[in-house]
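Now for the letters of each chain:
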Amino acid sequence: MQCRPTASKLRPSQKEQVVWGRQSKPSHDILTNGVNGTAAENSSGVENLLTDGSEWVELFVREMMNASDIDDARARASRALEALEKSILARASTDAAQNFHKENMVLKEQFELLLRENNILKRAVTIQHERQKDYDERNQEVQHLKQLVTQYQEQLRTLEVNNYTLSMHLKQAQQSSSIPGRFHPDVF
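All values derive from a computational prediction rather than experimental measurement.

Quick notes on the rules
Residues numbered from 1 in each chain as written. Predicted model: local features only at pLDDT ≥ 70, side-chain atom pairs only at ≥ 80, totals over all residues. Heavy atoms only, no water. Helix = DSSP H or I, 4+ residues; strand = E, 2+ residues; numbered from the N terminus. Buried < 20%, exposed > 50% of the residue type's maximum accessible area, 1.4 Å probe, protein only. Contact = heavy atoms within 4.5 Å. Areas by Shrake-Rupley, 256 points an atom, 1.4 Å probe, with all protein chains shown as cover. pLDDT = per-residue confidence, 0-100. Salt bridge = Lys/Arg side-chain N within 4 Å of Asp/Glu carboxyl O.

What follows concerns the overall build of the protein chain. Within the protein chain, the regular secondary structure consists of 3 helices and 2 strands. Reading the helices (α) and strands (β) of the protein chain from amino to carboxyl end gives β-β-α-α-α. Of all 188 residues assigned to the protein chain, the portion counted as buried reaches 14%. Excluding contacts between residues fewer than 6 apart, the proportion of contacts in the protein chain whose partners are at least 24 apart in sequence is 48%. If you sum the accessible surface of the protein chain, you get close to 15,500 Å²; carbon and sulfur atoms cover 57% of it.

Here you go:
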């Protein structure tokens, strides 16, 4: 017993006169064009029209119902399956291209982020190098100044000793002088 589709369950493109439990054959099938069932695939039209699995099932059932004999049914099934395969491949390639594009964009953003971080690190290394260079120069200057301080302290001690020695000589000269209050002209 065949099930008779009601007109309310049919899509607008399928609302054709229901005769003897089957839809009447449309003048132009999705997969066939012309007279007496000669095949000319219109796969781009099929791919654009059918996006849901249930739509493909309906197309396949409709094609089988519209077949005039077993050879026509085989040819229709073959065309329907080829169109399904093309649709799946097209969708898969579209999805793959979209995923590739998304992944490419993510990698590009990561690459740009890494470039920015690399530039920041380069500047930080340059700044650190300059600071280290300044520190080394100041450290050398401090070491040089410490050496100068040591030399000047040595010179100061030497001058203090010489000053003390001269003051002792002066006292001795003043004490040994025959004229008190009168100093030797070379001393002053």
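Attention now moves to the confidence of the model for the protein chain. Across the protein chain, the average pLDDT comes to 77, with 66% of residues at or above 70. Looking across the protein chain, the model is least confident in strand β1 (residues 18–19), with a mean pLDDT of 32, and most confident in helix α3 (residues 70–176), with 94. Here residues 1–30 is a poorly scored stretch, pLDDT under 50, and it has 46 contacts once near neighbours within four places are set aside; other chains count. Overall, residues 32–48 carries pLDDT values under 50, and its contacts beyond four positions in sequence, including any with other chains, amount to 24 contacts.

This part covers the pattern of salt bridges. The tally for this structure, following the rule as stated, stands at 4 salt bridges. Here Glu 63 and Arg 76 are joined by a salt bridge, their closest N and O atoms 2.6 Å apart. In this pair, Glu 63 sits in helix α2 (residues 53–66) while Arg 76 sits in helix α3, placing the two residues 13 residues apart along the sequence. Classification of Glu 63 by relative accessible area gives buried; the value is 0%. Residues joined by salt bridges that share partners form a network here, namely Glu 63, Asp 72 and Arg 76.

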